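# A structural walkthrough
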Amino acid sequence: MQVAVIGSVNLDLVFHVAKLPQAGETLLGGSFATHPGGKGANQAAAIACLGGDVEFVGCVGKDSEGELLAATLTSAGVGTDRLQVIEGQRSGTACVVVGGDGANMIVVAPGANSSVSPAQVTSAIGHIKPDVVLCQLEIPIESVLAAAQVECFILNPAPAQALPPELLARCYVLTPNESELESLTGVLPEDPEDCVRASASLLKAGVRNVIVTLGSRGCFWVSSEGGRHFPPRKVEAVDTTAAGDAFNGALAHFLAEGRDLAAAIPLANTVAALSTTKHGAQESMPSLNDLRAFAPELF
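Residues numbered from 1 in each chain as written. Predicted model: local features only at pLDDT ≥ 70, side-chain atom pairs only at ≥ 80, totals over all residues. Heavy atoms only, no water.

## Details of the overall build of the chain
Helices and strands together make up the secondary structure of the chain, namely 10 helices and 13 strands. The C-alpha radius of gyration of the chain comes to 18 Å, within 12% of the 19 Å expected for a compact globule of 299 residues. In terms of overall dimensions, the chain has C-alpha extents of about 50 × 45 × 40 Å along its principal axes. Relative to its full complement of 299 residues, the chain shows a buried share of 51%. In the chain, 63% of the contacts between residues at least 6 apart in sequence involve partners at least 24 apart. Carbon and sulfur atoms make up 54% of the accessible area of the chain, which totals about 12,400 Å². (Helix = DSSP H or I, 4+ residues; strand = E, 2+ residues; numbered from the N terminus. Rg over C-alpha atoms; globule rule 2.2 N^0.38 Å. Buried < 20%, exposed > 50% of the residue type's maximum accessible area, 1.4 Å probe, protein only. Contact = heavy atoms within 4.5 Å. Areas by Shrake-Rupley, 256 points an atom, 1.4 Å probe, with all protein chains shown as cover.)

## Side note on the environment of glycine 30
Inspection of the secondary structure puts glycine 30 in the loop between strand S2 (10-16) and strand S3 (31-37). With 67 residues separating them in the primary sequence, glycine 30 and valine 97 have C-alpha atoms 10.0 Å apart.

## Structural notes on the pattern of salt bridges
A side chain with one charge can pair with a side chain of the opposite charge if their charged atoms come near. Throughout the structure, instances matching the rule amount to eight salt bridges. With its nearest N and O atoms 3.0 Å apart, the salt bridge here joins lysine 62 to glutamate 87. In this pair, lysine 62 sits in the loop between strand S4 (53-61) and helix H2 (64-76) while glutamate 87 sits in the loop between strand S5 (79-86) and strand S6 (92-98), placing the two residues 25 residues apart along the sequence. The salt bridge partner of arginine 259 is glutamate 257, with a shortest N-O separation of 3.4 Å. For arginine 259, a relative accessible area of 27% translates into the label partly exposed. (Salt bridge = Lys/Arg side-chain N within 4 Å of Asp/Glu carboxyl O.)

## Re the state of the cysteines
In a disulfide, the sulfur atoms of two cysteines are covalently bonded to one another. For the coordinates displayed, the defined rule picks out zero disulfides. Not part of a disulfide, cysteine 59 finds its nearest cysteine sulfur in cysteine 135, a span of 12 Å. Given a relative accessible area of 0%, cysteine 59 falls into the buried group. (Disulfide = S-S within 2.5 Å.)

See below:
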């Protein structure tokens, strides 16, 4: 069963500091490294690391960064036949600042990601014929809407922005984090009742399942049948940069395998937790063997 991930690919410029800076503050010290990233590419890499069949649809610039990003996806086992190279555009870049507790701040310059077009997306889906499509919001919203063509369409609404009603109506699963849920609904989910109350408007708009990722508090699944909390897996976190991407990629993979949400969510929750135990984004994604060793009871 195949997954198509349609979204962004960036070069991450990562700074490690003792604490995150405040507005106007300059910090000295800490380490610096570059890593392949972008929400779409990270999610595709997460699927490939789990042994899934995944095709990535996106754009890079005609530059050395684009060559590196494409090669990294290919070496990870991600299909890149639908990754386009855009003349006159720089590849996407992100500045990531990681604090001593693993929390992060991120700023993205989209670059070639802004060139992902509805025509490219429609053509790719027609050729790939995926069972599951996973998308985020680091590409134009018109292209995200074009991606919502299959029954199992998963939207990770990050970074947060207003979503057209026709897009919400096509979502099998919507996976906001706390701040994204507040942006979409005006409700900050501080407890389970908040998650249910906030998700109600999204279900009314046509979303069939809302999974709110809560960081160190796990995640909360809301559907027409009610709400359910999934507690976090206990690990020693060093970098939470790609945890959300790990969760979304794993969720898409296990749904494509034929598992239902009740079985797929604990697996995705565990993949997300394991990703925080390593630095970087795509480099931090656990393998299926890692997952089996850590949580054999889920298989």
